[in-house]
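Descriptive structure summary
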Amino acid sequence: MEVTLDDDQEFFRQTTAKFLAAEASPATIRALAANPDGFEPAYWRQGAELGWTSLLVPGEHGGGSISGRGVVDLTIVADAFGRHIAPGPLIPTNVVAAAIARSGTDDQRQHLGPIIAGDTMAAWCFSEPAPHDGLGTVSVRATADGGGFVLSGVKSPVEAAGQADILLVTARTDDGLTQFLLPAATDGVTVAPLRSIDLVRRYARVELDGVRVPAAAAIGVVGGAEADVERQLQLAVVMQAAEMVGAAEKTFAFTLEWAFDRYSFGRPLASYQELKHRFADMKMWLEASHGLTSALAREVQDEVPGAPETASAAKAYIGDHLAELMQDCVQIHGGIGLTADHDIHLYLRRVTADRSTYGVPADHRQRIAALVS
Amino acid sequence: MTDTKRESGVTDTEMESVESFAARSRAWLAENMPRTDGPAMNRGFGFGSDEEELAAVKRAREMQRTLFDGGFAGICFPREYGGQGLTTRHQQAFNVECAGYEMPSLFNVPTFVPCGAVLLEFGTEEQKTKHIPAMLRGEELWMQFLSEPSGGSDVAGALTTAVRDGEEWVVNGSKIWTTGAWWSDYGLCLLRTNWDVPKHRGLSVFIIKIQQPGVEVQRIEMINGSREFCQEFMTDVRVPDADRVGEIDDGWTIGRRWMFHERNAMGGGSPFVSGPATGHRVEAARVDPYVALARSAGRLEDPRARDLIGEARTLQRAATELSNRIADGMAAGAFPDTMAAIARLMSAVVGIRAANIRLDLVGAAAAAWADGDGVAGVGTNYLMRQQAAIGGGTTEMARNNISERVLGMPRERTLDKDVPFREVPKGPPAR
């Protein structure tokens, strides 16, 4: 999130924060852990009304942003999601909405209305299981057949696949990367829920077993979807970055408060220089992560040529350093920080989920080396 | 008003837009400044012969003059003192545009910051009018006479003393860790003017001409062979009272702002520093320096080396964006000035890791190499790794500052607060 927001953005931030404070309290999150979907449809529709699903879709397709810079606005929501461990498929829904708005046919754009309204859920089937789990590896095949395509392979983990009505599948034809938009209920698609590190975020394994789709299911250029896929990855990473920053910011604040309140050997923890210096390091990681997230949001918004490297630098830095920040905050809490009763694990879970998906830091470092050598 | 500005149609009453300024900078730089595709990690001053060093200083002075004549010197300094009177955003835009050009960056630290910045805040009208335009024209190079052999981070514990004698002060003592004092013109000097009050209440700031009898400059040889640093011995140096900056015994008011400006410059957030930001310098180089190093070492295809390249670029980018964020936040009044310590710490943390990465990229060549190898110098630079965490205030001080002044955590206990400085415990006298 930027250092300064304009008045409309600030109002948007407050509205989302107020809504999440009421609807996504730690008690609610804990209760939702037992819910197979991780959220209630009514909650998602209300979030959609606040603008969570429209920001990356231009006005002519029924969307709209707050400031005219939707990617930047979206970091405000993602930051709030991190601060509240908010439930709901924020990342996949926005990625798919943006992809449809950008490259979809008129028919495919019919999905945008229900997605923006919060009635339709969407999932992006991108990552694949080992041995195809290197960032950007796509082994799912799309074979031309009788005017349509047949999709085969496995995607996993796919966020919100079990809740989604439509799937955006990144596959490979003989010509190159090709993406398809299909109903989750298509014959041959099997969605098997996975266990999730996050209490309310759901992942699934999606098996595509000879799935027949019409030619009209292809979205964007057949064999030429590289730029679309890159854009989707950048959008996912922007949201992850902002969400990790929000979660870490919140955790840092209550851990600092704890350090003032907790006494040992007759002194508050906050008076020990060893701990003061660790808080200083954590503050540095946080501010650098904020800076990277803002820079990335601006670059993805403006589609600058350097955005791929910035996305990877942000993911590599934030994924490593804010995960470390979370663990150090657990350490400063002591034993209580490892209990299920304390809230800190809710945030640690979300940061761990974000760190581990759409490329781990090591993947992104390799990607940077490939981009510059 | 400069000719360039007149041509651009900008009047005194309206400030030129950042976009227009960037475009004008781009055109002017292409026309007037030499391109460079030299290595991004240059060895800096203090390595060549004295003749080479003096030639480099002369060239920096000339280039600074070219910038001044073109209307691009002192972008954030006020116009009445020869600057351009523009904003941080203009300076940032210029820093992007000037990547790939040779720039007189020798002037940035410590001449413009902290010395120029301190004069601007605390100097008399006469001092500002005399010195700031001269700095911007490339005529005056300044040094900070701050640290002493008796204490590094504890700069307020200065022992070097000025004693009043009519309209003059008589200075005795020693300052250390000045870069290139032997070719510099002035020192901004923190001196003890009262031993009978607590430490922070008996200091004053003076402007001292370096090239004069009574100021003996000795050069210090560092581990890597650099002779950039100097120590000055001042013996009965007479300084006119007109060269005192700020009130007598109130030098620490200045000292704290002085430290702030220094930290801000170290962290890359000072509006008075002009020249390519680190990240942009790397982007402007035709080949990433880490890629070049890995290639020279024959390791470019090694996934471990590629991980290190990715990490180095990640950290540099993080440091750049942190500096930008803090500069933006301070300019907008959203962040306290104390946050400059965060960027200062980051520059050290990243610098240390970068030195380790370079060491790992070259392998055994850090220990043994042939002249002319692409990997030469990596091992020797590694020996100086901690310089990034010592010079300009140690990282320990930065971490204290962040925790105490940004996060409000309890201050460390000290034994030098409410007693006359004369009675504060001190170690044996240093050289």
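Definitions and limits used
Residues numbered from 1 in each chain as written. Chains lettered and ligands numbered in written order. Predicted model: local features only at pLDDT ≥ 70, side-chain atom pairs only at ≥ 80, totals over all residues. Axes fitted to C-alpha atoms, helices over the stretch in contact; angles between N-to-C directions. Helix = DSSP H or I, 4+ residues; strand = E, 2+ residues; numbered from the N terminus. Parallel < 35°, antiparallel > 145°, perpendicular 65-115°, else oblique. Left-handed = near helix turned anticlockwise from the far one by under 90°. Contact = placed C-beta atoms within 7 Å. Nonpolar A, V, L, I, M, F, W, Y, C, P; charged D, E, K, R; others polar. Buried ≥ 20, exposed ≤ 12 C-beta atoms within 10 Å, placed from the backbone. Pairing = 2+ DSSP bridges. Domains from an automatic or database assignment. Core = buried A, V, L, I, M, F, W, Y, C linked by C-beta atoms within 7 Å. Expected span 1.5 Å × (residues − 1).

**Quick look at the packing of helix H4 (residues 70–84) of chain A against helix H8 (residues 226–261) of chain A**
Residue and element names in this part refer to chain A. Running from amino to carboxyl end, H4 crosses H8 at an angle of 40 degrees, the nearest separation of the two axes being 7 Å. Here H4 is positioned oblique relative to H8, judged by the angle of their axes. When the axes of H4 and H8 are compared, the crossing they make is right-handed. On the side of H4, the interface is formed by Val71, Leu74, Thr75, Ala78, Asp79, Ala80, Phe81, Gly82 and Arg83, while H8 contributes Val238, Met239, Ala242, Glu243, Met244, Val245, Gly246, Ala247, Glu249 and Lys250. Considered class by class, the residues forming the contact of H4 with H8 number 11 nonpolar, 3 polar and 5 charged.

**Observations regarding the pairing of strand E3 (residues 168–179) of chain B**
All names here are of chain B. Of all 12 residues that make up E3, 9 are buried, and the element is covered over most of its length. Here strand E2 (residues 161–165) runs beside E3; their pairing, made up of 5 bridges, is antiparallel. Each bridged residue has a counterpart across the sheet, and for Ala162 the counterpart in E3 is Val171. Linking two consecutive strands that pair antiparallel, namely E2 and E3, is a turn of 2 residues; a positive phi of about 65 degrees is found at Gly166 within it. Looking at chain direction, E3 and strand E7 (residues 229–240) are connected through 10 bridges and run antiparallel. When the sheet's bridge partners are listed, Glu168 is paired in E7 with Pro240.

**As for the domain arrangement of chain B**
Residues and elements named next belong to chain B. What the domain assignment reports for chain B is domain 1 (20–106 + 125–138), domain 2 (143–254) and domain 3 (257–406). Computed from C-alpha atoms alone, the centre-to-centre distance between domain 1 and domain 2 is 27 Å. On the domain 2 side, the residues contacting the 7 residues of domain 1 number 9 residues. Along the lines of polarity and charge, the residues of the side of domain 1 that touches domain 2 split into 4 nonpolar, 3 polar and no charged.

**Here's the deal with the pairing of E7(B)**
In terms of strand pairing, strand E6 (residues 215–219) of chain B meets E7(B) through 5 bridges, oriented antiparallel. Paired with B:Gln218 across the strands is B:Gln231, a residue of E7(B).

**So, the domain arrangement of chain A**
Residue and element names in this part refer to chain A. Under the domain assignment used here, chain A contains domain 1 (7–117), domain 2 (122–219) and domain 3 (226–372). For domain 1 versus domain 3, the separation of C-alpha centres amounts to 21 Å. Listed by partner, the interface residues are 23 residues for domain 1 and 24 residues for domain 3. At the level of elements, helix H2 (26–32), H4 and helix H5 (90–103) are the ones that each hand at least two residues to the side of domain 1 that touches domain 3. Among the residues making up the side of domain 1 that touches domain 3, the classes are represented as 15 nonpolar, 4 polar and 4 charged.

**A closer look at the nonpolar core**
Soluble globular proteins tend to pack their nonpolar side chains together in the buried interior. By size, the foremost hydrophobic cluster in this structure holds 231 residues, and its most contacted members are A:Ala97 and A:Phe180. Top element by residues in this core is H8(A). It accounts for 15 residues.

**Observations regarding the interface of chain A and chain B**
Opposite the 31 residues of chain A that make contact, chain B presents 33 residues. Secondary structure elements with two or more residues in the side of chain A that touches chain B: helix H9 (273–302), helix H10 (307–333) and helix H12 (361–372) of chain A. The leading source of residues in the side of chain A that touches chain B is H9(A), at 14 residues. Across the side of chain A that touches chain B, the residue classes break down as 16 nonpolar, 11 polar and 4 charged.

**Things to note about helix H7 (residues 251–266) of chain B**
Residue and element names in this part refer to chain B. Between its first and last C-alpha atoms H7 spans 22 Å; for 16 residues at 1.5 Å apiece the expected length is 22 Å, and the two agree. Most of H7 sits out of view: 13 of its 16 residues are buried. Two residues or fewer past H7, Gly268 is found with a positive phi of approximately 80 degrees.

**Digging into helix H14 (residues 395–406) of chain B**
Every buried residue of H14(B) is accounted for by B:Thr395, B:Met397, B:Ala398, B:Arg399, B:Asn400, B:Asn401, B:Ile402 and B:Ser403. Summarising the contacts, the buried residues of H14(B) are in contact with H9 of chain A together with helix H11 (340–362) and helix H13 (387–390) of chain B. Looking one or two residues beyond H14(B), the residue adopting positive phi is B:Gly408, at roughly 75 degrees.

**Re the environment of A:Gln234**
All names here are of chain A. Turning to its location among the elements, Gln234 is positioned in helix H8. The spatial distance from the C-alpha of Gln234 to the C-alpha of Val300 is 6.9 Å, given a sequence separation of 66 residues. Not counting chain neighbours up to four residues away, the residues in contact with Gln234 comprise Val300, Ala307 and Ala311.

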